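# Chains, contacts and geometry: an overview
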Amino acid sequence: MSRRSCLAGSVLLALLAVPLHSQSIASWKDPSSHTKRFVAVDTHARLEVLDWGGSGRPIILLAGGGNAAHVFDDFVPKLTAHYHVYGIIRRGFGASGYSATDRPADRLGDDVVAVVNALNLKRPILVGH
């Protein structure tokens, strides 16, 4: 196979993959019942916070690297009968803000504290993923 044929095949494969990828993102529908709010954590960033409701002590779900709080959508209904459940979507994920000067891993703890204070949560349970 010639180099030109390999290049043409690679370009065609890339062009076909882009629509497939964008279709999967665009067709995603949020399956969980929650409200959404934004909390300013500093002058440059606001974080998206999901509130699934519930009654009792607050629980804050913190998704692991590469995930947003929606990773917990199927699990949350098991908690809302006994707890008020929140999910923080960290910087650079979902609709949460991000700037090129941010160091999200260094800011994560401060961001969680800022959300707890902004929502006036008393003694929340933090659950990490």
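Residues numbered from 1 in each chain as written. Predicted model: local features only at pLDDT ≥ 70, side-chain atom pairs only at ≥ 80, totals over all residues. Heavy atoms only, no water.

## Re the overall build of the protein chain
Secondary structure assignment for the protein chain yields 2 helices and 5 strands. Mapped from its N terminus to its C terminus, the protein chain presents α and β elements in the order α-β-β-β-β-α-β. By the burial criterion, 29% of the 129 residues in the protein chain qualify as buried. Counting every atom, the protein chain has about 8300 Å² of accessible surface; 59% of that belongs to carbon and sulfur. (Helix = DSSP H or I, 4+ residues; strand = E, 2+ residues; numbered from the N terminus. Buried < 20%, exposed > 50% of the residue type's maximum accessible area, 1.4 Å probe, protein only. Areas by Shrake-Rupley, 256 points an atom, 1.4 Å probe, with all protein chains shown as cover.)

## Considering the nonpolar core
Among the nonpolar cores identified, the biggest contains 14 residues, and Ile60, Ile88, Val115 and Leu119 are the most heavily contacted of them. Breaking this core down by element, the ones donating at least two residues are β2 (46-53), β3 (58-62), β4 (84-89) and α2 (104-118). When residues in this core are grouped by element, the largest group, 3 residues, is from α2. Ignoring sequence-local partners within four residues, the contact set of Ile60 consists of Tyr86, Ile88, Val116, Leu121, Pro124, Ile125, Leu126 and Val127. Counting 11 residues, the second largest nonpolar core, distinct from the first, contains Trp52, Ile59, Leu61 and Ala63. (Core = buried A, V, L, I, M, F, W, Y, C linked by side-chain atoms within 4.5 Å. Contact = heavy atoms within 4.5 Å.)

## Details of the side chain of Asp111
If you trace the backbone, Asp111 turns up in helix α2. A relative accessible area of 2% means that Asp111 is categorised as buried. Excluding its chain neighbours within four sequence positions, the residues that come into contact with Asp111 are Val41, Leu47 and Arg91.

## Looking at the packing of aromatic side chains
Under the criterion given, the structure shown has 0 aromatic pairs. Directly above the ring of Phe38 sits Arg46, whose terminal nitrogen or CZ lies 4.3 Å from the centroid. (Phe/Tyr/Trp six-rings, centres within 6.5 Å; stacked < 30°, edge-to-face > 60°. Lys NZ or Arg CZ within 6 Å of the ring centre and 35° of its normal.)

## Here's the deal with the pattern of salt bridges
Applying the stated rule across the entire model yields 2 salt bridges. Note that Lys36 is salt-bridged to Glu48, the shortest N-O span being 3.4 Å. You can see Lys36 sitting in strand β1 (residues 35-40) and its partner Glu48 sitting in strand β2, a full 12 residues away along the chain. Between Asp51 and Arg37 there is a salt bridge whose closest N-O contact spans 3.1 Å. Residue Asp51 is located in strand β2, and its partner Arg37 is located in strand β1; the two are separated by 14 residues in the primary sequence. (Salt bridge = Lys/Arg side-chain N within 4 Å of Asp/Glu carboxyl O.)

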